[in-house]
Amino acid sequence: MVNRAVLAHRLFTGISRRHLACLIEELAAPWQAGLEGRRHAARGGIRKRAEGAGAHHQLVFVDRLVATLIHLRHDLSHAVLGLLFGVDRSTITRAIGEIRPLLAERGCAVPDRPGLRLRTLTDVFAYAQAEGIELRLDATEIQVRRPPAGRGGRRAFVSGKKKQNTMKATVIADWRGRTLWTDALRPGRMHDATAARNEGIADCFQHFPDVEVLLDDGYLGLSRDHRGQAITPPRKPRPGAPPSRVEQWERDRHSSDRITVEHALADHKRWKQLMRWTHCRDRLSDTYRAIASLVSDRTVNV
């Protein structure tokens, strides 16, 4: 068993000790409430012994949080984490299953707004309109295991771009590359624009007419339907086009302005679990949103 204080180091968790202290303060009460709720359901009523009686946790809340962060950052197996913390593998499995949803439900931090977090696409558009912020939106794909033979829906995960089985995440960032929102992941075969529409982006454009979103060429359909709000790069001039048109195209800074969302996606992929997902696909959505929330905390100097 390794010294548990050492395991809380930034090299293992991917976050600073100050950030870890903030997470402990924020998540301790929701975790305890969830624990008491599960105990109440198991008992079928209120507790009959005094609070604090009975067996104690082998893995306290702080260690459960640290183990989950190490799992997200380095993709260590539950058996290895059990060895490091001196507990059984099943204890680590339960701990990660409790902490990961709490991290996913936090949402993304807002720059210069302590305590305010964005959890839905509507929240992001409302924040952007109130602050006059131009958003950047893009999608990324994560390789996943191929579904077993004979199971329906196998083709849904085959990405036409990657030529692999993937799941697709849509991410919104601001002009400095700070993550503001990520969606529930979609099968890799789904088009980028379709994934955004399924999250309700058309309604957001309608209700927040002052918000502009920079997009790439994969969202030309959105640009056509929401002119002036969904902004895609200008088309490259054809051979023989007037010199003024060519000069205007060369001066355009769309790609330079939109590159910040690529930086945000790169920050997410530095967490090893998102390089290639080898676990159950049903857990990938919570994992991505948990990592996005942690990255958003770091980028606003928590």
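Everything here concerns the structure above.
Here is what the cut-offs are and how they apply
Residues numbered from 1 in each chain as written. Predicted model: local features only at pLDDT ≥ 70, side-chain atom pairs only at ≥ 80, totals over all residues. Heavy atoms only, no water. Axes fitted to C-alpha atoms, helices over the stretch in contact; angles between N-to-C directions. Helix = DSSP H or I, 4+ residues; strand = E, 2+ residues; numbered from the N terminus. Parallel < 35°, antiparallel > 145°, perpendicular 65-115°, else oblique. Left-handed = near helix turned anticlockwise from the far one by under 90°. Contact = heavy atoms within 4.5 Å. Nonpolar A, V, L, I, M, F, W, Y, C, P; charged D, E, K, R; others polar. Polar contact = N/O pair within 3.5 Å; in protein donor to acceptor, adjacent residues only side chain to side chain. Pairing = 2+ DSSP bridges. Phe/Tyr/Trp six-rings, centres within 6.5 Å; stacked < 30°, edge-to-face > 60°.

1. Quick word on the packing of helix α3 (residues 17-43) against helix α6 (residues 89-104)
Alright, step 1. Remark: α3 packs on α6, axes separated minimally by 10 Å, with the N-to-C direction vectors making an angle of 125°. By the angle class used here, α3 and α6 are oblique. In the crossing of α3 with α6, the sense of the turn from one axis to the other is right-handed. Between α3 and α6, the residues in contact are L23, L27, P30, W31 and R38 and E98, I99, L102 and L103, respectively.
Alright, step 2. Residue composition of the contact of α3 with α6, by class: seven nonpolar, no polar and two charged.

2. Thoughts on the side chain of S296
Alright, step 1. Mapped onto the secondary structure, S296 falls in helix α13 (residues 284-299).
Alright, step 2. Polar contacts involving the side chain of S296 include one to the main-chain amide nitrogen of A109, which spans 3.0 Å.
Alright, step 3. Not counting the four nearest positions on each side in its chain, S296 is found in contact with G107, C108, A109, R117 and T179.

3. Comments concerning the environment of S159
Alright, step 1. Tracing the backbone shows S159 in the loop between β3 (135-143) and β4 (166-173).
Alright, step 2. Between the C-alpha atom of S159 and that of M190, which follows or precedes it by 31 residues, the distance is 7.8 Å.
Alright, step 3. Ignoring any residue separated from it by four or fewer positions in sequence, one finds S159 in contact with E141, Q164, T166, G188 and R189.
Alright, step 4. Within the local environment of S159, its side chain forms a polar contact with the side chain of E141, the two groups lying 2.7 Å apart.

4. Digging into the pairing of strand β5 (residues 179-182)
Alright, step 1. Judged from the three bridges that link them, β4 and β5 form a sheet pairing that is antiparallel. When the bridges of β5 are listed, I172 appears paired with W181.
Alright, step 2. Hairpin geometry of β4 and β5 is characterised by an intervening segment of five residues between the two adjacent antiparallel strands and by a positive phi of about 80° at G177.

5. Regarding the packing of aromatic side chains
Alright, step 1. This model, assessed by the stated rule, comprises three aromatic pairs.
Alright, step 2. Centre to centre, the rings of F125 and F205 are 5.4 Å apart; their planes meet at 90°, and the pair counts as edge-to-face. Linking F125 in helix α7 (residues 121-131) with F205 in helix α9 (residues 201-207), this pair joins segments that are 80 residues apart in sequence.
Alright, step 3. For the ring pair F125 and F208, a centre distance of 6.3 Å and an interplane angle of 45° mean the geometry is tilted.

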